[in-house]
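Working through the structure, step by step
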Amino acid sequence: MPYMKHEFDGGPPQDNSGEALKEPERVQEHSLPNFAGGQHFFEYLLVVSLKKKRSEDDYEPIITYQFPKRENLLRGQQEEEERLLKAIPLFCFPDGNEWASLTEYPRETFSFVLTNVDGSRKIGYCRRLLPAGPGPRLPKVYCIISCIGCFGLFSKILDEVEKRHQISMAVIYPFMQGLREAAFPAPGKTVTLKSFIPDSGTEFISLTRPLDSHLEHVDFSSLLHCLSFEQILQIFASAVLERKIIFLAEGLSTLSQCIHAAAALLYPFSWAHTYIPVVPESLLATVCCPTPFMVGVQMRFQQEVMDSPMEEVLLVNLCEGTFLMSVGDEKDILPPKLQDDILDSLGQGINELKTAEQINEHVSGPFVQFFVKTVGHYASYIKREANGQGHFQERSFCKALTSKTNRRFVKKFVKTQLFSLFIQEAEKSKNPPAGYFQQKILEYEEQKKQKKPREKTVK
């Protein structure tokens with residue numbers, strides 16, 4: 001099954017529609033490619049419903065609607081599509097099969113990630129809700145499968161799907177067809193869709209992609225609501241050393257938002273290990289895995305997780321805002337001065353922030369600065385051959401750090417897969433990537449240059 005293969009093989013994180021990938025921007029948050037725009041928004045819209053098993057009282061999730069239907073696929077492609085479609089229902093209803101008909105159900109928006117054998121990833125954006133109608137009924141999930149990471153945008157698309165679902169499935173089809181024919185916009189650009197709704201007439205729906213693409217797939221507000229800055233810093237420290245991290249929460253939305261936010265703190269590095277925002281009940285054995293992972297588990301399975309044999313795990317209870325298990329050294333992983341810098345930056349002006357974009361920028365910024373200060377000099381330590389192939393000079397790169405505590409941290413960090421994947425891309429690319437991280441490195445170097453002459457005149 002496609003989601004069982006989680007080790008990233010170091011190849012470019014692209015899918016069958018990877019023509020829009022820009023070479024310098026390949027190293028992205030947890031291996032999601034950074035799309036320049038211009039390709040399909042999505043691969044499928046699926047409806048997953050609960051159906052009663054013939055001989056038992058419990059239910060199983062099955063796909064009851066699929067758009068578009070795929071025909072004329074080659075045999076290998078057909079097998080992969082079948083594996084993909086078989087895996088999806090499990091992730092739409094990860095909370096097992098103990099369902100009863102309901103008259104009220106709060107809608108939930110969440111997402112999951114499926115990793116193919118070649119390391120490419122597809123994202124499922126889900127809206128779980130009760131279908132319209134009288135009397136008790138079972139929830140269903142609208143699931144959009146895409147290889148594009150842009151959660152805010154897909155949440156808006158799911159709002160439109162939900163609005164139409166209250167009228168009829170027949171009204172969803174033309175909207176999704178229009179979306180499928182539209183090209184995914186470049187960062188900062190807008191695509192406008194024309195859509196007809198009975199009794200309302202023609203609507204124009206604008207979908208705008210954020211200009212700052214490294215934050216377009218994340219929302220930090222859930223993480224800030226559940227945890228303190230100090231706890232977020234300890235999660236970041238554990239992730240940087242590629243440890244095992246488990247998040248526990250009741251709601252699927254909270255789980256998936258918090259785990260995406262934790263992975264996004266690693267920018268410009270990519271989490272390349274097992275990554276499951278909501279672990280289905282049948283895959284709970286993942287938490288015994290000896291390799292690094294970042295997973296979300298619903299609170300109802302807390303005891304099963306606690307009883308599992310695990311080593312070096314940070315177990316985060318998002319409902320209580322506590323750590324149920326930890327290694328114990330989380331506060332000592334990062335250099336003390338740089339920890340203080342992050343905490344000071346996070347605390348400044350947090351209450352004045354109004355929009356999701358402002359919050360994202362405010363939270364992400366200090367962590368990007370951390371990497372600028374510790375490894376921002378990497379490009380100067382890649383020696384190039386005549387053919388342009390680079391070789392990273394690890395020893396002299398570490399030696400270049402004047403602070404002992406920074407050097408001690410970086411010597412550990414360079415051994416991680418996070419760093420080695422990033423450096424492999426940098427060795428291949430003749431110029432440093434012209435992205436957000438590079439911009440921050442240049443700004444920092446400029447500040448240092450301006451400081452030096454001032455220091456000399458003071459002496």
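Check the entry above for the structure.
Let me begin by describing the structure that accompanies this report.

So, how was this worked out
Residues numbered from 1 in each chain as written. Predicted model: local features only at pLDDT ≥ 70, side-chain atom pairs only at ≥ 80, totals over all residues. Heavy atoms only, no water. Helix = DSSP H or I, 4+ residues; strand = E, 2+ residues; numbered from the N terminus. Contact = heavy atoms within 4.5 Å. Areas by Shrake-Rupley, 256 points an atom, 1.4 Å probe, with all protein chains shown as cover. 1 Å grid on protein atoms, 1.4 Å probe; cavity = no way out; pocket = protein on both sides within 12 Å on 5 of 7 lines; lining within 4 Å. Points joined across faces, edges and corners; volume = space filled by probe spheres on them. Nonpolar A, V, L, I, M, F, W, Y, C, P; charged D, E, K, R; others polar. Buried < 20%, exposed > 50% of the residue type's maximum accessible area, 1.4 Å probe, protein only. Polar contact = N/O pair within 3.5 Å; in protein donor to acceptor, adjacent residues only side chain to side chain. Phe/Tyr/Trp six-rings, centres within 6.5 Å; stacked < 30°, edge-to-face > 60°. Lys NZ or Arg CZ within 6 Å of the ring centre and 35° of its normal. Pairing = 2+ DSSP bridges. Core = buried A, V, L, I, M, F, W, Y, C linked by side-chain atoms within 4.5 Å. Axes fitted to C-alpha atoms, helices over the stretch in contact; angles between N-to-C directions.

Of regular secondary structure, the protein chain possesses 13 helices and 14 strands. Here the analysis covers contacts within the protein chain between residues at least 6 apart in sequence; of these, 65% occur between residues at least 24 apart. Carbon and sulfur atoms form 50% of the exposed surface of the protein chain, whose accessible area is close to 21200 Å².

Let's shift gears to the layout of surface pockets. Its volume calculated, the largest pocket comes out at about 730 Å³. Taken together, 23 residues line the largest pocket, and the ones lying closest to its centre are Lys373, Leu401, Thr402, Tyr444 and Lys448. Secondary structure elements with two or more residues in the lining of the largest pocket: α8 (336-347), α9 (356-375), α11 (404-413) and α13 (436-458). Ranked by residues supplied to the lining of the largest pocket, first place goes to α13 with eight residues. Taken together, the residues that form the lining of the largest pocket break down as seven nonpolar, seven polar and nine charged. Roughly 620 Å³ of internal volume is contained in the second largest pocket. Elements supplying a minimum of two residues to the lining of the second largest pocket: β3 (108-115), α2 (151-165), α6 (252-264) and α9. For the lining of the second largest pocket, the leading source of residues is α2, giving seven residues. For the lining of the second largest pocket, the per-class residue count stands at twelve nonpolar, ten polar and seven charged.

What follows covers the environment of threonine 374. Mapped onto the fold, threonine 374 is located in helix α9. Residue classification places threonine 374 among the buried positions, given a relative accessible area of 0%. With 39 residues separating them in the primary sequence, threonine 374 and phenylalanine 413 have C-alpha atoms 9.7 Å apart. Residues within four places of threonine 374 in sequence aside, it is in contact with Leu338, Phe397, Leu401, Phe409 and Val410. A polar contact of 2.8 Å, which involves the side chain of threonine 374, links it to the backbone oxygen of phenylalanine 370.

Turning to unusual backbone geometry, a few remarks are in order. Geometrically, the link from phenylalanine 67 to proline 68 is a cis peptide bond, its omega value of -5° lying close to zero. Following tyrosine 267, the chain continues into proline 268 via a peptide bond in cis, with omega recorded as 15°. Looking at the element boundaries, proline 268 is found in the loop between α6 and β9 (274-276). The phi torsion at glutamate 242 lies on the positive side, around 55°, for a residue other than glycine. A relative accessible area of 13% places glutamate 242 in the buried class. Despite not being glycine, glutamate 312 has its phi angle at roughly 50°, a positive value.

With that out of the way, let us pick up the packing of aromatic side chains. Evaluated as defined, the whole model comprises 24 aromatic pairs. A centroid spacing of 5.3 Å and a plane angle of 65° characterise the contact between phenylalanine 370 and phenylalanine 409, whose relative ring orientation is edge-to-face. Linking phenylalanine 370 in helix α9 with phenylalanine 409 in helix α11, this pair joins segments that are 39 residues apart in sequence. Classification of phenylalanine 370 as buried rests on a relative accessible area of 2%. Cation over ring: arginine 164 sits above phenylalanine 175, and NZ or CZ is 4.5 Å from the ring centre. A cation over a ring is seen here: arginine 180 above phenylalanine 42, with NZ or CZ 5.7 Å from the ring centre.

Our next topic: the pairing of strand β12 (residues 322-325). For a regular strand, side-chain orientation follows a simple rule: the groups alternate between the two sheet faces. In the sheet, strand β11 (residues 313-317) pairs with β12 via three bridges, with the strands oriented antiparallel. Residue asparagine 317 lies in a different strand from β12, and its bridge partner there is threonine 322. Joining the antiparallel neighbours β11 and β12 is a turn of four residues, in which glycine 321 adopts a positive phi near 70°.

Within the largest apolar cluster, 105 residues are counted, with the highest numbers of intra-cluster contacts made by Ile88, Phe220, Phe236, Ile246, Phe247 and Met294. If we skip the residues at most four places from it in the chain, methionine 294 touches Ala239, Ile245, Phe247, Ile259, Ala262, Ala263, Leu266, Trp271, Thr274, Tyr275 and Ile276. Counting residues in each nonpolar core, the second largest holds 28 residues, with Phe41, Val47, Ile123 and Leu153 among its members.

Below, the discussion takes up the sheet that holds β12. Taken in spatial order, the five strands of this open sheet run β9-β10-β8-β11-β12, and their pairing is mixed. With partners counted over all chains shown, the strands left at the sheet margins are β9 and β12, one partner each. Looking at each pair of strands side by side, their axes are set apart by 25° on average, direction ignored. Here strand β8 (residues 244-249) pairs with β11 via five bridges, running parallel. Bridge pairing in β11 links leucine 248 to asparagine 317.

So, about the environment of tyrosine 381. On the secondary structure map, tyrosine 381 appears in the loop between α9 and β13 (382-384). Leave out the neighbours within four places in its chain, and tyrosine 381 touches His391, Phe392, Gln393, Ser396, Phe397 and Ala400.

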